[in-house]
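Spelled out, the chains give:
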Amino acid sequence: MSIKKKKMYMAIVPHYHIFSGLRFDIEHEGFNNSSVIFSPQLYYRDRKTYEKEKVGNANYFNLLAGAGFDVNKKIIINSNKYQYYFALGGGYNHYHLQFYDFVWKYVYEDFNYIYKYELDMLIQNIHRINLGFIIGMREKINDALFYDVYGGLEIRYSYNILNNNYDLVKFNKFMTNFGFTGTNVILGLKIGFDVKNIKKN
């Protein structure tokens, strides 16, 4: 009796570039039409200088650095020409953001402590966890390459920490924000390959 060899797939998720990120999916095939997907992520953007007209913008930052991962259990429903599946899982992300904004500062001036409304560079650190599910469809382009479209829902919880105890937490108003807490809609496309078939070619 022959034993079916397990496969491994790798894919890139292009739309993460919109958020200054890079994400890879590493999928390891298991038993009973299932697999585990590990998805490391990196984020980085440095704008070097700040734009005065964007100071106070709820989504504008000068520096972003971050990393995270997702882990999903994938169950294949049908796998003929098209592979239909659903997946359940969760993940963690950390983001470090620097931005300029006007804040009230308690400063010593002319032998007195006074409040002044001044421009300051602020640092916000975000810790985010998420749990969710997706449904998707994969189609082979050839023996090695494939594309995958998917959609779903997830619940996010973000813990925001701002330096100097300023009451000016940002990046938490909309689903696309790094520090959003609430229900998020997932839509995506990934392009990947069968590792073993690439090696054969």
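Q: Is there a simple way to explain the packing of aromatic side chains in this structure?
A: The geometry of an aromatic ring pair comes down to the distance between the two centres and the angle between the two planes. Scanning the entire structure with this criterion turns up ten aromatic pairs. Geometrically, the ring pair formed by Phe61 and Phe178 is edge-to-face, given 6.3 Å between the ring centres and 65° between the ring planes. With Phe61 in the loop between strand E3 (34-46) and strand E4 (63-79) and Phe178 in the loop between strand E7 (145-162) and strand E8 (182-194), this pair connects stretches of sequence that are 117 residues apart. A relative accessible area of 6% means that Phe61 is categorised as buried. Exposure remark for Phe178: the relative accessible area of 9% places this residue in the buried category. Through a chain of ring-to-ring contacts, the aromatic side chains of Tyr16, Tyr43, Phe61, Tyr95 and Phe178 assemble into a single cluster. Cation over ring: Arg47 sits above Phe61, and NZ or CZ is 4.5 Å from the ring centre. The cationic tip of Arg138 hangs over the ring face of Phe146; the distance from NZ or CZ to the ring centre is 3.9 Å.

Q: Quick question: what am I supposed to make of the pairing of E7 here?
A: The side chains of a regular strand alternate between the sheet's two faces. Examined bridge by bridge, strand E6 (residues 112-140) and E7 share 17 bridges and lie antiparallel to one another. Across the sheet, residue Gln124 finds its bridge partner in E7, namely Leu162. Count of turn residues in the E6/E7 antiparallel hairpin: four residues. Here E7 pairs with E8 via twelve bridges, running antiparallel. Within E8, the position partnered with Val149 by the bridge is Leu189.

Cut-off values and rules
Per chain, residue numbering runs from 1 following the sequence as it is written. With pLDDT at 70 or above as the cut-off, local features in this predicted model cover only qualifying residues; side-chain atom pairs require 80 or more to be listed or tallied, and sums for whole chains, interfaces and linings still use all residues. The side-chain values count all of the structure's non-hydrogen atoms but skip hydrogen atoms and water molecules. Pairing of aromatic rings covers Phe, Tyr and Trp, the last counted by its six-membered ring, and requires centre-to-centre distances within 6.5 Å; plane angles under 30 degrees mean stacked, over 60 mean edge-to-face, and any other angle means tilted. A run of H or I in DSSP counts as a helix once it spans at least four residues, and a run of E counts as a strand once it spans at least two, with each numbered from the N terminus. Accessible area is worked out with a 1.4 Å probe on protein chains only. A residue is then buried under 20% of its type maximum, exposed over 50%, and partly exposed in between. Charge-over-ring contacts are defined here by two conditions on Lys NZ or Arg CZ: a distance within 6 Å of the ring centre and an angle within 35 degrees of the ring normal. Think of it this way: DSSP has to see at least two bridges between two strands before they count as a pair.

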